[in-house]
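Fold and geometry: a report
Each chain, written out:
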Amino acid sequence: MTDISFDRSRYLPSAVVDRGPALVAGGALLIGLLVIAQLIDLRQAALFVVGGLLGVALYHGSFGFTGGWRRMVVERRGRGIRAQMLMIGVAALAMIPLISAGSLGGQPLVGALAPVGVSVLVGAAMFGLGMQLGGGCGSGTLFTVGGGSARMLVTLTFFIVGALIGSAHLPWWLTLASFGTIDLGRQLGTGTAILATLAGLGLVALATALIERRAHGNIEREPEPSRPGWTWLLYGPWPLVGAGLLMALLNVATLLLAGHPWSVTFGFGLWGAKAAQAVGVPVATWEFWNWPGPQAALSASVLADVTSVMNFGIVLGAAAAASLAGKFAPKAKIPLGSMLAAVVGGLLMGYGARLSFGCNIGALFSGIASGSLHGWLWFATAFVGSFVGIWMRPLFGLDGFKKK
């Protein structure tokens, strides 16, 4: 008989599950599912589950735009950005045709479409700067909060404040120069829009590969699984590509269930508006909150809002994933400089996201995958803002243009 063995030294130690947090997160997911199904409907409950799965994928894949962009700028490593481009491309293959069709099975389908104008230009640059100071993007803030990060809870709090202020100012920003909404699916036709989108994403990926090869002489590969067998599925970490592909499929599922793609930051503005309203701020008189969609969300239960319900799912899904991996470790101590960066970053991201019709998810991922030109403008200007944010990080005691 042949003795089959393998080298365990290359694997991470066995995960020790944080049972208490795991039970709390799992119980909250189950109770949330039942409550939403009872008070709203099964479709909304299904979207809560989709949010939970997104939280697991985000956490186990450490799939944040912030770190991937910073690695590209500082270390000249583009593996994160290439995974992002692949994720968007896979989603676009399904979403552009679905959105062009307009409906499926009686369910109307609309894309993450927005005007191409000064509002997006300024807002995206602010968001890019803010996410490097805050330490996370829209989705990144949620999954790290779920993982127990106290600092990111500060970022999220001021993200909400910034989004509320942005909702007060957005009508004025929309009076500035704009080319209006440009839907590539309508302008070019479905097939050409898909090809143009994939070509653009491919060029970005190619550019990162060329820069990386020039800087290092090689292209960084996806690391091999750090746990034996298929145990990495439960305990993580996941490969970036795998996490990205799952999120692409979940974004398509969101489109089919909700009638629109995945978004994150509208929920933050809504939470801020409801909190402000509770303490007597006349939010309901603001122009933004009198537009049909926001007005309906403000007057209804937060559980009736798709974005909010999915956000709750993301936090709880990430908490469950962190607990299973034995990494749920809240830390209350935050250095003053880091705290200040979280406050400033959160405000900039909240305000910028409202002006630019979304964050890295609603504007970049869902926008480009919907065939909206504003998603590409968001990407370009947010990356410039991110570059400035990386340069500013050392001013707050954070790493910036420092090679590890």
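Now for a look at the structure at hand.

Cut-offs applied
Residues numbered from 1 in each chain as written. Predicted model: local features only at pLDDT ≥ 70, side-chain atom pairs only at ≥ 80, totals over all residues. Heavy atoms only, no water. Helix = DSSP H or I, 4+ residues; strand = E, 2+ residues; numbered from the N terminus. Buried < 20%, exposed > 50% of the residue type's maximum accessible area, 1.4 Å probe, protein only. Contact = heavy atoms within 4.5 Å. Areas by Shrake-Rupley, 256 points an atom, 1.4 Å probe, with all protein chains shown as cover. Lys, Arg positive; Asp, Glu negative; His and termini not counted. Charge placed at Lys NZ, Arg CZ, Asp CG, Glu CD. Salt bridge = Lys/Arg side-chain N within 4 Å of Asp/Glu carboxyl O. Phe/Tyr/Trp six-rings, centres within 6.5 Å; stacked < 30°, edge-to-face > 60°. Axes fitted to C-alpha atoms, helices over the stretch in contact; angles between N-to-C directions. Left-handed = near helix turned anticlockwise from the far one by under 90°. Nonpolar A, V, L, I, M, F, W, Y, C, P; charged D, E, K, R; others polar.

Concerning the overall build of the protein
Looking only at helices and strands, one finds 17 helices and four strands in the protein. C-alpha atoms of the protein, sized along the principal axes, occupy 75 × 50 × 50 Å. Per-residue burial for the protein yields a buried fraction of 51% across its 404 residues. Sequence separation of at least 24 residues holds for 80% of the intrachain contacts in the protein that already meet a minimum separation of 6. Accessible area of the protein: about 17700 Å², with a carbon and sulfur share of 69%. Between the averaged position of the 25 positive side-chain charges in the protein and that of its 13 negative side-chain charges there is a distance of 6 Å.

Concerning the pattern of salt bridges
When the charged atoms of two side chains with opposite charge come close together, those side chains can pair. For the coordinates displayed, the defined rule picks out nine salt bridges. For Glu212, the salt bridge identified is with Arg77, shortest N-O distance 2.8 Å. Note that Glu212 is positioned in helix α9 (residues 190-216) and Arg77 in the loop between α3 (65-75) and α4 (79-101), a separation of 135 residues in sequence. Here the two residues Glu212 and Arg77 agree in accessibility, since each one is buried. Residue Glu212 pairs with Arg82 through a salt bridge whose shortest N-O separation is 2.9 Å. Residue Glu212 is found in helix α9, and its partner Arg82 is found in helix α4; the two are separated by 130 residues along the sequence. In this structure Glu212 comes out as buried when scored by relative accessible area, which is 0%. On the accessibility criterion, Arg82 (19% relative accessible area) is buried. Each of Arg71, Glu75, Arg79, Glu220 and Glu222 takes part in one network of salt bridges that share partners.

Comments concerning the packing of aromatic side chains
Inspection of every chain in the model, using the stated rule, returns 16 aromatic pairs. Measuring from ring centre to ring centre gives 6.5 Å for Phe65 and Trp69, while their planes differ by 80°; the resulting arrangement is edge-to-face. Note that Phe65 and Trp69 are positioned in helix α3 at a spacing of four residues, about one turn of the helix. Look at Trp69 and you get buried, because its relative accessible area is 0%. Ring centres 6.1 Å apart and planes at 45° place the aromatic pair Phe266 and Trp289 in the tilted group. With Phe266 in helix α12 (residues 265-278) and Trp289 in the loop between α12 and α13 (292-299), the pair connects residues that are 23 residues apart, well separated along the chain. Neither residue differs from the other here; Phe266 and Trp289 are each classed as buried. By the ring-pair criterion, three or more aromatic residues cluster together here, those being Phe63, Phe65, Trp69, Trp376, Phe379 and Phe383.

Details of the environment of Thr307
In this fold, Thr307 is placed in helix α14 (residues 306-324). We classify Thr307 as buried; its relative accessible area is 5%. As a C-alpha pair, Thr307 and Ala321 span 14 residues in sequence and 21 Å in three-dimensional space.

Some thoughts on the packing of α3 against helix α17 (residues 373-392)
Interaxial distance between α3 and α17 falls to 10 Å at its minimum, and their mutual angle equals 65°. As α3 runs across α17, the sense of the crossing is right-handed. When α3 is examined against α17, the residues Trp69, Arg70, Val73 and Val74 are found in contact with a partner set consisting of Trp378, Phe379, Ala382, Phe383, Ser386, Phe387 and Ile390. Across the contact of α3 with α17, the residue classes break down as nine nonpolar, one polar and one charged.

On their own, these measurements won't tell you what the molecule is for.
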